[in-house]
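Commentary on secondary and tertiary structure
For reference, the chains in residue letters:
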Amino acid sequence: RACNEFGTTKKKLISLQDGARNITFNAIKDDEIVATQTVPLTIDSKTPKITSVNPRRGFVDIFEVNFIEENPVSVILFYGNSTFTERRNHTLNIDNDCENEKNKYNCIVDVDLTDFDGKEIMYQFEVTDVVGKSDFSKDQDVLVDVSPPIINELDYNVSGKKVHFNINITEQNFDEVTYTDIDDKEKILCSTLVQGSCDKTKAFDSGEHNLTITVYDEAGNTALSFIYFFIN
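Definitions and limits used
Residues numbered from 1 in each chain as written. Predicted model: local features only at pLDDT ≥ 70, side-chain atom pairs only at ≥ 80, totals over all residues. Heavy atoms only, no water. Phe/Tyr/Trp six-rings, centres within 6.5 Å; stacked < 30°, edge-to-face > 60°. Helix = DSSP H or I, 4+ residues; strand = E, 2+ residues; numbered from the N terminus. Buried < 20%, exposed > 50% of the residue type's maximum accessible area, 1.4 Å probe, protein only. Pairing = 2+ DSSP bridges. Axes fitted to C-alpha atoms, helices over the stretch in contact; angles between N-to-C directions.

Attention shifts here to the packing of aromatic side chains. All told, the structure shown has nine aromatic pairs when counted by the stated rule. Consider the rings of Phe-67 and Tyr-105, whose centres lie 4.9 Å apart with planes at 5 degrees: the pair is stacked. Of this pair, Phe-67 sits in strand S4 (residues 63-68) while Tyr-105 sits in strand S8 (residues 104-109), placing them 38 residues apart in sequence. Of the residues examined, Phe-67 reaches a relative accessible area of 1% and is grouped as buried.

Structure follows, in structure tokens:
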């Protein structure tokens with residue numbers, strides 16, 4: 001009564017529980033409602049909380065963030081060079097990129113990092129709720145390697161039941177070379193390179209052999225080559 005506005009003092013503040021609300025205002029004259037208006041609003045007193053991100057170190061393939069929030073409206077990935085002087089951002093689609101279980105979200109996003117190939121980058125996530133409160137993850141430094149290894153030359157020589165392999169490879173972040181025979185498990189051929197080459201001799205049983213040679217780097221990129229030989 002006889003007021004120009006409401007809520008300017010603590011005595012006139014109204015406390016509401018979190019959640020969706022419909023607040024109805026009634027104008028009363030002579031004990032009768034002469035005008036009414038309903039305003040929908042959402043009460044959210046809790047700030048979003050990012051609980052973890054991945055990767056924490058090493059090479060990056062995809063980005064992952066886990067957070068707790070009842071009403072998230074925005075999840076943004078910021079990434080760029082190690083000093084963030086070249087900073088990019090990618091807004092996630094919460095419905096498609098995230099899974100929600102009782103307000104605990106897990107979001108996974110894949111972005112094109114070709115421009116940063118062979119470099120170190122920094123990234124962080126920002127989660128914002130319906131009332132504009134945000135939480136930022138800590139900056140994380142990771143490495144980018146999106147280029148597959150290069151098999152420059154693959155030579156092999158069969159001598160009796162032994163096969164000598166010499167595979168020349170170009171890869172800055174080399175991991176290992178493996179081979180898989182017909183209906184056989186994948187086996188390691190080389191775990192290190194000597195002057196850029198995998199030089200190894202292996203014994204094989206008599207019969208046909210169709211080998212798949214796979215070169216892995218530490219980021220999970222691969223290069224394949226196929227060879228056939230017969231052991232008497």
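In this section: unusual backbone geometry. The peptide bond linking Asn-54 to Pro-55 adopts the cis configuration, its omega dihedral lying at 0 degrees. Secondary-structure assignment places Pro-55 in the loop between strand S3 (49-54) and S4. Here Asp-30, not a glycine, exhibits a phi torsion of approximately 55 degrees, which is positive. Among the secondary structure elements, Asp-30 is positioned in the loop between strand S1 (19-29) and strand S2 (32-43).

Pairing within the open sheet is antiparallel, and its four strands lie in the order S15-S14-S17-S18. Here the strands that pair on one side only, and so sit at the sheet edges, are strand S15 (187-190) and strand S18 (222-231). Strand-to-strand twist of the sheet, defined as the mean angle between neighbouring strand axes without regard to direction, takes the value 30 degrees. Note that strand S14 (residues 174-180) and strand S17 (residues 207-217) share six bridges and pair antiparallel. In the sheet register, Val-177 faces S17, and the bridge partner there is Val-215.

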